[in-house]
Amino acid sequence: MSFLRDRAEEFLDNAKYNLNKGYYNLTLFDVEQFIQLYANFLIYLKAGDFPKSHNILSILEKIENLYGDRCNLNLFRKENRDFLYVIYFSYTQGRYFGTMFSREDAERAVSLANKFKELGQCLITS
């Protein structure tokens, strides 16, 4: 299932590219896909399967149920809950409803993705 991690990495790379190009809606979309796939990879490592949900908040909750509060997962989820909703809604809002995201939104999304990647690496190695 390493293809989930690999595909997630591709979305994160694409998010950084789109940020540099000024494609902020696509940046948030790519970050949402990164979080979703990387989270499912983490769940698969622990449970042997992954949820078919697209809701990154419920997926993160599932990770916490499997791993506990290792690597400050609970703190990450609580501190970033509001913006994780923004990222989650970017999946549909940015494509279908004309919502426009700013450079600041895109930069924050990429930063959050990088933090989540570090958190995931911590979960894998601890």
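Cut-off values and rules
- Residues numbered from 1 in each chain as written.
- Predicted model: local features only at pLDDT ≥ 70, side-chain atom pairs only at ≥ 80, totals over all residues.
- Heavy atoms only, no water.
- Helix = DSSP H or I, 4+ residues; strand = E, 2+ residues; numbered from the N terminus.
- Expected span 1.5 Å × (residues − 1).
- Buried < 20%, exposed > 50% of the residue type's maximum accessible area, 1.4 Å probe, protein only.
- Arc of directions from axis to C-beta.
- Contact = heavy atoms within 4.5 Å.
- Axes fitted to C-alpha atoms, helices over the stretch in contact; angles between N-to-C directions.
- Parallel < 35°, antiparallel > 145°, perpendicular 65-115°, else oblique.
- Left-handed = near helix turned anticlockwise from the far one by under 90°.
- Disulfide = S-S within 2.5 Å.

### Some details on helix 2 (residues 24-47)
Part 1: Taking 1.5 Å as the rise per residue, helix 2 with 24 residues should run 34 Å; its terminal C-alpha atoms sit 34 Å apart, in good agreement.
Part 2: Summarising burial for helix 2: 19 of the 24 residues are buried, a large majority.

### Some points on helix 1 (residues 2-21)
Part 1: For helix 1, built from 20 residues, the straight-helix expectation of 28 Å at 1.5 Å per residue is met to within 8% by its first-to-last C-alpha distance of 29 Å.
Part 2: Along helix 1, the residues that are buried comprise Leu4, Ala8, Phe11, Leu12, Ala15, Asn18 and Leu19. Along the long axis of helix 1, the arc covered by the buried residues comes to 125°, so they all point the same way.
Part 3: In this structure, the buried side of helix 1 is in contact with helix 2 and helix 6 (103-125).
Part 4: Gly22 lies just past helix 1 and shows a positive phi near 85°.

### Remarks on the packing of helix 1 against helix 6
Part 1: Where helix 1 meets helix 6, the closest approach of the two axes is 10 Å, and the angle between their N-to-C directions is 155°. For the element pair helix 1 / helix 6, the angle class is roughly antiparallel. Relative to helix 6, the crossing made by helix 1 is left-handed. Between helix 1 and helix 6, the residues in contact are Glu9, Leu12, Ala15, Lys16 and Leu19 and Arg103, Ala106, Glu107, Val110, Ala113, Asn114 and Lys117, respectively.

### So, the state of the cysteines
Part 1: Counted by the stated rule, this structure contains one disulfide.
Part 2: Covalent S-S linkage joins Cys71 and Cys122, the inter-sulfur distance amounting to 2.0 Å. In this structure, the disulfide formed by Cys71 and Cys122 twists by about -80° around the S-S bond and is classed as left-handed. With a gap of 51 residues between them, Cys71 in the loop between helix 3 (56-67) and helix 4 (73-79) and Cys122 in helix 6 connect regions that are remote in the sequence.

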